[in-house]
Amino acid sequence: MKDRSQVRLKRLAVHRVGNKSKDEGVIASKELVDLRDEQLYDLLVNYFLSPFKQEEFFRFTHTSDLALNEMFAYAALIFNEPQKFQEYSVHILNHLYEQSDHPKVKSGELYVVHFDNCVMEDDVVEAIGIFKSENRDTFLTIQDEEDDLRVNYHFGVNLKGVDKGCMIYNTEAEDGFRVKMVDVNGYDAAFWREDFLNVTELKDTNYNTKTVMNLCKDFSEEVFARTDSKKAQVEFISRSVDYFSKSETFDLEEFTSSVIDEPETKERFMHYSTTFAEERDIEGFTDFAINKNTVRNMKRKFRNFIKLDTQIEIKFSGYNPEQSEQFVERGFDKERNMHFYKVYFNNES
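Now for a description of the structure that goes with this document. Remember, predicted model here, so these are calculated numbers, not experimental data. (Residues numbered from 1 in each chain as written. Predicted model: local features only at pLDDT ≥ 70, side-chain atom pairs only at ≥ 80, totals over all residues. Heavy atoms only, no water.)

Considerations on the pattern of salt bridges
Scanning the entire structure with this criterion turns up 16 salt bridges. Lys-231 is the partner of Glu-235 in a salt bridge, and the nearest nitrogen-oxygen pair spans 2.4 Å. Here Lys-231 and Glu-235 lie together in helix 6 (residues 230–246), a separation of 4 residues that amounts to about one turn. Each member of the pair, Glu-235 as well as Lys-231, is classed as buried. The partner of Lys-246 in a salt bridge is Asp-242, with the nearest N and O atoms 3.3 Å apart. Residue Lys-246 and its partner Asp-242 are located together in helix 6, separated by 4 residues, close to a single helical turn. Accessibility expressed as a relative area gives 21% for Asp-242, which makes it partly exposed. Within this structure, Lys-132, Glu-134, Lys-164 and Asp-183 form a network of salt bridges that share partners. (Salt bridge = Lys/Arg side-chain N within 4 Å of Asp/Glu carboxyl O. Helix = DSSP H or I, 4+ residues; strand = E, 2+ residues; numbered from the N terminus. Buried < 20%, exposed > 50% of the residue type's maximum accessible area, 1.4 Å probe, protein only.)

Okay, structure coming up:
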């Protein structure tokens, strides 16, 4: 979350949840956590909110009726009856335990949190946070003892980040609320997203921007890598990123015309984009507003260097199409029977 300064932590329940397949059971706390300690309060707010830096939003879903999604139902109950927060947090604990029946799911603490003053675009809304800590770290403690120092240790939760978490914002309730999710453990990702939360990614500007940029990345790796030079691949990537960086909206035909010169490559790209959308059941990504934050986050996934088998690497600074088009030439030396690159420059640094 970008702005955490005005967020208020109103209620917090902490429970213990085990692995159901191992019959580890649950421990439900009887009282809410006392939040009057300012230092503890600040640590908890930062611990809970700092992981949510991504642009993706999700929403609760269900195959037949949204009201049958347990987490959607419990969130709605808490928003409507906050005085029963402790009671509903235990229901969430039990629901999580029922889904924790895979051998790889770890036991841990479950934190159910009620927030206020969360900024959602132009609105200020309530939110419910569901977090799970699974891993333990060892901490050294140094204590003063009769003009001497004593070294000890203890096991605890590292406050650098939660293992699993979600934020449920009290907006767009009829469409499954707006949800953000984090899961740093990939080995049981389906358990948290699909079994416990049952959410699907919201098809907004972030989703469309990310989808089409992934389309460009896959096209460059699967098509250019087999049919053209690495230089052509880098030029396509640079032009694509440059288009997304400078344009406010995406138009598929305009993008294709401005990024790809060769008619055959244009035709291949249009065919590839159609197949890409059909395989992923995607609609409506031919014309949309570009999310600039997503563009900045996606840039690092694009390859902007040429790695040669002679242990030489040509790396381009940023994604400027002019770099490879004007200052790098590719050719073939018949005498050596090898390809070569010619690089132009004014000064060395």
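Some words on the pairing of strand 7 (residues 149–156)
The pairing of strand 6 (residues 137–144) with strand 7 spans 8 bridges and is antiparallel. Residue pairing in the sheet places Gln-143 in a bridge with Arg-150 of strand 7. In textbook terms, the turn of a hairpin is the stretch between consecutive antiparallel strands, and for strand 6 and strand 7 this stretch comprises 4 residues, one of which, Glu-146, has a positive phi near 50°. (Pairing = 2+ DSSP bridges.)

Things to note about the environment of Asp-116
Mapped onto the elements, Asp-116 comes out in strand 4 (residues 108–120). By relative accessible area, Asp-116 is classed as buried at 18%. Sequence separation between Asp-116 and Arg-8 is 108 residues, and the spatial gap between their C-alpha atoms is 5.0 Å. Not counting the four nearest positions on each side in its chain, Asp-116 is found in contact with Gln-6, Val-7, Arg-8, Lys-10, Val-125 and Glu-126. (Contact = heavy atoms within 4.5 Å.)

Here's the deal with the packing of helix 7 (residues 252–259) against helix 8 (residues 263–279)
Taken N-terminus to C-terminus, the directions of helix 7 and helix 8 make an angle of 145°; their axes are 10 Å apart at the nearest point. In the packing of helix 7 onto helix 8, the handedness of the crossing is right-handed. Only Lys-266, Phe-269, Met-270 and Ser-273 of helix 8 make contact with helix 7, whose side of the interface consists of Leu-252, Phe-255, Thr-256 and Ser-257. Partitioned by chemical class, the residues of the contact of helix 7 with helix 8 number 4 nonpolar, 3 polar and 1 charged. (Axes fitted to C-alpha atoms, helices over the stretch in contact; angles between N-to-C directions. Left-handed = near helix turned anticlockwise from the far one by under 90°. Nonpolar A, V, L, I, M, F, W, Y, C, P; charged D, E, K, R; others polar.)

A closer look at the side chain of Asn-206
Turning to its location among the elements, Asn-206 is positioned in helix 5 (residues 205–227). We classify Asn-206 as buried; its relative accessible area is 3%. Leaving out residues up to four positions away in the same chain, Asn-206 has contacts with Glu-55, Glu-56, Glu-201, Asn-291 and Thr-294.

Looking at the environment of Phe-48
With respect to the element layout, Phe-48 can be found in helix 1 (residues 38–49). Phe-48 sits in the buried class, given a relative accessible area of 0%. Counting along the chain gives 258 residues from Phe-48 to Ile-306, while the straight-line C-alpha distance between them is 41 Å. If sequence neighbours within four positions are ignored, Phe-48 has contacts with Leu-9, Leu-12, Tyr-111, Val-113, Phe-115 and Phe-131.

Some points on the packing of helix 2 (residues 70–80) against helix 3 (residues 85–99)
The contact between helix 2 and helix 3 brings their axes to 10 Å, and the two run at 170°. With respect to their mutual orientation, helix 2 and helix 3 come out roughly antiparallel. For the pair helix 2 and helix 3, contact is made by Glu-70, Met-71, Tyr-74, Leu-77 and Ile-78 and by Phe-85, Tyr-88, His-91, Ile-92 and His-95, respectively. Within the contact of helix 2 with helix 3, the residues separate by chemical class into 7 nonpolar, 2 polar and 1 charged. (Parallel < 35°, antiparallel > 145°, perpendicular 65-115°, else oblique.)

A short note on a nonpolar patch on the surface
A cluster of nonpolar side chains, namely Leu-140, Ile-142, Leu-149, Val-151, Tyr-153 and Phe-155, defines an oily patch on the protein surface of about 720 Å² accessible area. When contributions to the nonpolar patch are tallied by element, the ones reaching two or more residues are strand 6 and strand 7. Take the nonpolar patch: its biggest share by element is 4 residues, from strand 7. Examined against the element boundaries, Leu-140 turns out to sit in strand 6. When its relative accessible area of 67% is taken as the criterion, Leu-140 is described as exposed. (Patch = residues over 30% accessible without salt bridge, like charges linked within 9 Å, V, L, I, M, F, W, Y side chains within 5 Å. Areas by Shrake-Rupley, 256 points an atom, 1.4 Å probe, with all protein chains shown as cover.)

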